[in-house]
Amino acid sequence: MLQAMNLSKTFDGSTALNELNCTVPTGAIYGVVGSNGAGKSTFLRLLAGIYRPDNGRATLNGVDIYECVQAKEQIVLVPDELYFLPQATLQRMAALYHRSFPHFSLDHFNALVQLFQLNPTKPIRTFSKGMKRQAAIILALAAKPRYLLLDEAFDGLDPLMRDVVRRILVHDVVARETTIVISSHSLRELEDTCDWLALLHRGTLVLESTKTALIEQAPNGLEALFVERLNQVGYTFDDALATLYAQQSVQARAETQEGMQEVTVA
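Residue numbers restart at each chain and count upward from 1, following the sequence in its written direction. Local features in this predicted model are restricted to residues of pLDDT 70 or higher, and side-chain atom pairs are both shown and tallied only at a pLDDT of 80 or more, whereas totals for entire chains, interfaces and linings draw on every residue. Where side-chain values are given, they derive from all heavy atoms of the structure, hydrogens and water being excluded.

Student: Tell me about unusual backbone geometry, residues and numbers included.
Tutor: Its identity as a non-glycine residue notwithstanding, Glu19 has a phi of 50°, on the positive side. Only runs of H or I of at least four residues qualify as helices and only runs of E of at least two qualify as strands under DSSP, and these elements are numbered from the N terminus. In this structure, Glu19 sits in strand 2 (residues 14-24). Phi is positive for Gln87, close to 65°, though the residue is something other than glycine. Within the secondary structure, Gln87 sits in the loop between strand 6 (75-78) and helix 3 (90-100).

Student: Describe the pairing of strand 6, listing the residues and the values that go with them.
Tutor: Each residue is placed in one exposure class: buried if its accessible area under a 1.4 Å probe, protein chains only, is under 20% of its type's maximum, exposed if it is over 50%, and partly exposed if it falls in between. Of the two faces of strand 6, the one holding Ile75 and Leu77 and the one holding Val76 and Val78 are both buried throughout. Strands pair, by our definition, only if DSSP identifies at least two bridges between them. Here strand 6 pairs with strand 7 (residues 147-151) via four bridges, running parallel. Bridging from a neighbouring strand, Leu77 pairs with Leu149 of strand 7.

Student: Go over the packing of helix 5 (residues 129-142) against helix 6 (residues 159-176) with me, naming the residues and quoting the values.
Tutor: Relative orientation of the contacting elements helix 5 and helix 6 amounts to 10°, with a least axis distance of 12 Å. With respect to their mutual orientation, helix 5 and helix 6 come out roughly parallel. Seen from helix 5, the contacting residues are Gln134, Ile137 and Leu141; seen from helix 6, they are Met161, Val165, Ile168, Leu169 and Asp172. With axes taken as lines fitted to C-alpha atoms, and helix axes fitted only over the stretch in contact, angles between N-to-C directions fall between 0 and 180 degrees. For this classification, under 35 degrees means roughly parallel, over 145 means roughly antiparallel, 65 to 115 means roughly perpendicular, and everything else is oblique. Working rule for contacts: check all heavy atoms of both residues, and any pair within 4.5 Å makes them a contact.

Student: So what's going on with the packing of aromatic side chains? Residues and values would help.
Tutor: When two rings of Phe, Tyr or Trp (its six-membered ring) have centres within 6.5 Å they constitute a pair, described as stacked for plane angles under 30 degrees, edge-to-face for angles over 60, and tilted for the intermediate range. This structure, assessed with the given rule, holds five aromatic pairs. On the numbers, 6.2 Å between centres and 40° between planes, the contact of Phe104 with Phe109 is tilted. Exposure remark for Phe104: the relative accessible area of 6% places this residue in the buried category. Aromatic ring contacts, followed pair by pair, group Tyr97, Phe101, Phe104 and Phe109 into a single cluster. Cation placement over rings: the criterion is NZ of Lys or CZ of Arg within 6 Å of the ring centroid and within 35° of the ring normal. Lys72 extends its terminal NZ or CZ atom over the ring of Tyr66, reaching a point 4.8 Å from the ring centre. The ring centre of Phe154 lies 4.6 Å from the NZ or CZ of Arg166, which sits over that ring.

Okay, here's the thing in structure tokens:
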């Protein structure tokens, strides 16, 4: 079981996560929704043991993940910003994963490469954005992790590939009892896939429940419910738009004044 207890992380004085508490049920597909800057990526990196918490704990079955190699071997993260070795091919990356994860299956890797129809000997740097996302997902799935963390999992994938990835994820949960955590800024990307949903805002968990329970609370749809909960914590999209337009107005006036000064000087 993945668990966050009073989990906090700051960067250069800016709070990314603030005393976050949650439990990811084993064998679930747990979706984390939040706008850009909500803390989703930081949360997943803490669960993967990449970041050390400033305060609180990120644990796997009660063991602090950051300090435990055995825990990290069970967790694979596909980050939002993908990274591959320079000049690497899928085959070269597979060799690296094979050395890093004890359950990595070359047979499963080859089957996935064939399914996604990617060239395993071609440099990944030549792949399109969507193909790079597919490559990262192939490597993660072939590692056969107990816990799979996907940051913006469907970013860059066309509708067909999104459906293929969803079906593979569901199969892994059913067949291998894999626990999956998916983050996205889009609720609609997650509500058809996840059986748990959480709303993250400014580093704080605003809402967390099973999708079934949330639907019962949402006569006007999940999106309306999430907007309502954001309003309850003091954030409204009207306020955000007003701030944005005000900033644009100030910038426009400054640019106009600067242009008039240049004309006067000329």
